[in-house]
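Listed below are the residues making up each chain.
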Amino acid sequence: MATALKEKPSVKPVPKPEPAPVEYAVRLENVGKTFGTAAAVKDVSFSVPVGQTLTLLGPSGCGKTTTLRCIAGLETPTAGLISVAGRPVYDAAAGIAVEPEKRQIGMVFQSYAIWPHMTVGGNVGFPLEIQRVSRAETRDRVEKILDLVGLGNLYDRSASQLSGGQQQRVALARALVFEPRLVLFDEPLSNLDANLRDRMRTELQALQARLGFTAIYVTHDQQEALSLSDTVIVMKDGSIEQSGAPKEVFQNPATAFTAKFLGYSNIFTGEGVLNSRPAENGVTVQAADGIALQGLWRSREQARGGVPATIAFRADALTIGPAGKPPLVGGVNLLVGTVEHASFLGTCVDYTVAVGDLRIKAVGPVDPSFIQGDEVCLTIRHEDCHVFGTA
Amino acid sequence: MTAVASPLPHSPRPIAHWGVIAAIYAVLAVTVIYPICTIFAESFLRAEGGFLHAFTEVFSDRDVLDALGNTVLTSLISVLIAAVLGVTLAWLVARTDMPFKRVLDPLNMIPFYLSSVVGALSWQIISSPKTGLLNQLLVHLFGPGAVLSIYSVGGIALVLGLFYTPYVYLFTLGSLQSMDPSLEEASRMSGASILKTALRVTLPLSAPAILSACLLVFVTCAGIFGVPMVLGIPGQVNTLSTLIFRSVNDYPADYATAAILSLSLFVFTAVLIGLQVWLLRGKAFTTVTGKGYRPAALKLGPWRWAGFAVNMVYIVLIMAPFLALLMVSLQDAWTGGFEWSRLTLANYHKVLFVEDTAKRGLYNSMIISTVGATLGVAVCVVIALVVNRTKLPGRPGVSVLSTMPVAVPGIVLGVGFLMAFVGTPLYGTIWLIMLAYIVHYLPTGVRNIDSLVQAVSRELDESARMSGATWRQAMRRIVVPLIAPGLISTWLLLFVTFIREVSASMMLFTFGTETMSIALIRIMEYEPYGVSGAFGVLQTLLLLTCVVLIRMLSNFGLSARASK
């Protein structure tokens, strides 16, 4: 490849004064939004590098959609600064609020918002029509983008006769047709059935790789967030709870809230004791009478002993085995209990195991499996148990 | 693709725009606030010896007290008739297996669109002492002397009650249809009979809707002018509204009394409308839920035919007088029975081509109603879009101002417009009458279009904004086309209302600006029944045409929604 490049020196652009390169497609600084007295978004700051994907993740009411709508310009924040491609579109101090249509941001809405009184071509061509692009060029570009989303033959179809998946694709085509450099997605996959959702997710990633736009997703679906994005931001009550790469956030939740939201189904609270095992930040949590669990302190603030702490671990991080034969490994918590409930899920078995007063959720293989009443032994590595301060 | 993206246009704008909202406030101030304030000003400033003195003076007058009593009495009887009929019919249509209810439902609504003045004229014809068909029948059945006098409090109340039954019917029907049917089913499963369930569960649950409709009918009847004018004046029965009219039109004109009476009627209406709004707070009875469930109809057994008979009685009471009117209008002279030898279209020829007042009335009403309905819809669309689809400051105030005229009876609004605009060039033109119509029915229009706009998902126009459309482009290209069928319905509704309007017109017309209803009332004074009958029939046909169009549109709208 390198030699091929060398053979074509004319490709190299003539040096000319250029504006400073735009590092970030979007940057939010201390953005806040209150409705009356209720604060929907509080002091949110983040930035998305050009071409990357960011996901705002959180339960309903956490402020993720409001944040997205502030970027779009559909809501006007009450504080802070938002810049798109290096230019401020909202600045509370300077009194700037650029209208949404002037921001050149594509958006895919949760309901898809396909206009039922137009054809597919009319819907997708609308942004170009508004920009007074010629009829022929519009037709050309619409057909190209429809091909790209796999709806090449539906140009003249009435938009009210589309299936959910087709509406999704029309919405996507409409958001991309005017070649925005930033595209916002508000729960884009939540109205699709599971199969279609997986397929669309893959297609979205392929499209983004091909077109190179920057994307911000809003979702409450952790799988969607983890699979689509370069960065995940978990939001709670209008504030950012944690942000980072998907793997980082998933494996090292910084708060009990994030852990719970990311599917850590075993969460217990008890007194925590610092003991520097297996690492410096080791803590033992008295989860119930006579049950002490060893884990690692994950909260951002300094670890403290003698206070209530929360320990969280995933059901699939546990290993389940017959009670008589505890595995001979170190560095694990060992729990013996009785299977209270087992449900067969096809590829695995979900268990609820009674260990003293605790009810522990575990996942085990189909073979060998256990039934209700079986005595089992559960093990989990110390580093898979995350301990947080209980505020 | 990213390479060709054009640079981001940089057009920071100040966060607030006051222009639009200021313009709306200015228009509403001149057309809504100013006329109402004029009545206050006239009452307080013109009154000799101070307001209190003048007020006591007016309300110790024998005639005023009589009129007050008549007003309350006619309104009460009207409400009683409308409530009993409206609730019964609504229950039969919404909850039972009454035969032909799909046909009866629209028929029950017809009086809603017709002119009660024409209704009064028809009743006058069928109950005239010697030649009236109804009185002939009564004499035949019960012997001489059994004659219904329509020129009485009872007569006025009967016509009003029959004409306002659809209001109670509509409110109750809405409430019953939005009620969860399992509430009634639970009552049946607990052992209650159909009747007991209706009385103990269904009715109490609909009580706020019914009560609210009754209040609305009560205030409307208390403020109504046309029917008391046609039926009351011959029988020397005055109501407050006819008294207001007479104090302005009798010689010498007594504007102070008119203002004080108008003010009293306004305050009375406003208080009751306030109560009605409070009763309905937080409830939208016209909500169309996505759920297509149709509650199972109660099986009435043989009684369903009794239900059918009850409904038919109402329809006959409405239709028969109009048929009599049609018969009379087709005869060259009315002798108490239809004769083929007297069949003629001469009366129609006369009102269409000869009789000047009738010709003017028809012409003026067509202009006023066409232009007025168009302007009215346009104003209401702007208000509804600004209130629902912007974040401009002062929007709640726009809502309040645009619903205020609902508390002003037509006659009072007419007095206000008269006093406010009598010195301006607008006075004596049809445009002032049109303006009064638009203001009076602004709440109807805004409410209709408001619900249309609210039914359009916000994401539909937000996605247009994100596609680069300005607010105006998004409204014009997305929201307005989507609500177009509803806009046409609203236009037709305003057109119908304007065609038959009496009260405000009566205060504002001058020679040459008579509207259709005014022309009808005038020619009733000096032409035989056949001629006024023909004019009434023409108006009714015009209104019925609009009803059919409205029905067709709403069916079209529903089927379009269902196919989605």
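All values reported here derive from a predicted model rather than from experimental measurement. (Residues numbered from 1 in each chain as written. Chains lettered and ligands numbered in written order. Predicted model: local features only at pLDDT ≥ 70, side-chain atom pairs only at ≥ 80, totals over all residues. Heavy atoms only, no water.)

So, about the confidence of the model for chain B. All names here are of chain B. Looking at chain B as a whole, the pLDDT averages 86, with 93% of positions reaching at least 70. Averaged over each element, pLDDT in chain B is lowest for helix 8 (residues 181-189) (77) and highest for helix 18 (residues 430-440) (96). A low-confidence stretch, residues 284-293 (pLDDT under 50), is modelled with ten contacts involving residues beyond four sequence positions or located in other chains. Counting contacts from residues 558-564, a segment whose pLDDT is below 50, to residues more than four positions away or on other chains yields three contacts. Two summary scores accompany this predicted model of the complex, namely pTM at 0.83 and ipTM at 0.79. (pLDDT = per-residue confidence, 0-100. Helix = DSSP H or I, 4+ residues; strand = E, 2+ residues; numbered from the N terminus. Contact = heavy atoms within 4.5 Å.)

Now for the sheet that holds strand 14 (residues 291-297) of chain A. Residue and element names in this part refer to chain A. Read around the barrel, five strands follow the order 12-13-14-21-15 and close on themselves; strand pairing throughout is mixed. For this sheet the average axis-to-axis angle between neighbouring strands, irrespective of direction, equals 50°. For strand 12 (residues 266-274) and strand 13 (residues 282-288), the ladder comprises four bridges, and the chain directions are antiparallel. Paired with glycine 272 across the bridge in strand 13 is valine 285. (Pairing = 2+ DSSP bridges. Axes fitted to C-alpha atoms, helices over the stretch in contact; angles between N-to-C directions.)

Further remarks concern helix 3 (residues 120-130) of chain A. Counted residue by residue, helix 3 of chain A has nine buried out of eleven residues, so it is predominantly covered. If you check which residues of helix 3 of chain A are buried, you get Val120, Gly121, Asn123, Val124, Gly125, Phe126, Pro127, Leu128 and Ile130 of chain A. The secondary structure elements touched by the buried residues of helix 3 of chain A are helix 4 (135-148) and helix 5 (164-176) of chain A together with helix 20 (458-466) and helix 21 (471-500) of chain B. (Buried < 20%, exposed > 50% of the residue type's maximum accessible area, 1.4 Å probe, protein only.)

All names here are of chain B. With respect to the secondary-structure elements, aspartate 461 resides in helix 20. Along the backbone, aspartate 461 and histidine 440 are 21 residues apart, and their C-alpha atoms lie at a distance of 31 Å. What aspartate 461 contacts, discounting residues up to four positions off in sequence, is Arg389, Ala474, Met475, Ile478 and Val479.

Here the focus is the sheet that holds strand 4 (residues 79-84) of chain A. Sheet strands pair by backbone hydrogen bonding; their relative direction is either parallel or antiparallel. Residue and element names in this part refer to chain A. Pairing is antiparallel across the open sheet formed by five strands, whose spatial order is 2-1-4-5-6. Looking at which strands have only one partner, the edges of the open sheet turn out to be strand 2 (38-49) and strand 6 (96-97). With eight bridges connecting them, strand 1 (residues 24-35) and strand 2 associate as antiparallel partners. Bridged to arginine 27 within strand 2 is serine 47.

Moving on to the packing of helix 3 (residues 62-95) of chain B against helix 7 (residues 153-178) of chain B. Residues and elements named next belong to chain B. Between helix 3 and helix 7, whose axes approach to 5 Å, the crossing angle comes to 40°. By the angle class used here, helix 3 and helix 7 are oblique. Of the two possible hands of crossing, helix 3 and helix 7 adopt the one that is right-handed. Of the residues that constitute the contact of helix 3 with helix 7, the class distribution is 23 nonpolar, eight polar and one charged. (Parallel < 35°, antiparallel > 145°, perpendicular 65-115°, else oblique. Left-handed = near helix turned anticlockwise from the far one by under 90°. Nonpolar A, V, L, I, M, F, W, Y, C, P; charged D, E, K, R; others polar.)

A word on the nonpolar core. All names here are of chain A. Counting residues in each nonpolar core, the largest one holds 217 residues, and the members touching the most others are Phe46, Ile71, Leu184 and Ile216. Aside from chain neighbours lying at most four places away, what touches phenylalanine 46 is Val26, Arg27, Leu28, Leu54, Leu56, Thr67, Ile71, Ile233 and Ile240. Residues Ala173, Leu176, Phe178 and Phe213 belong to the second largest nonpolar core, which totals 37 residues. (Core = buried A, V, L, I, M, F, W, Y, C linked by side-chain atoms within 4.5 Å.)

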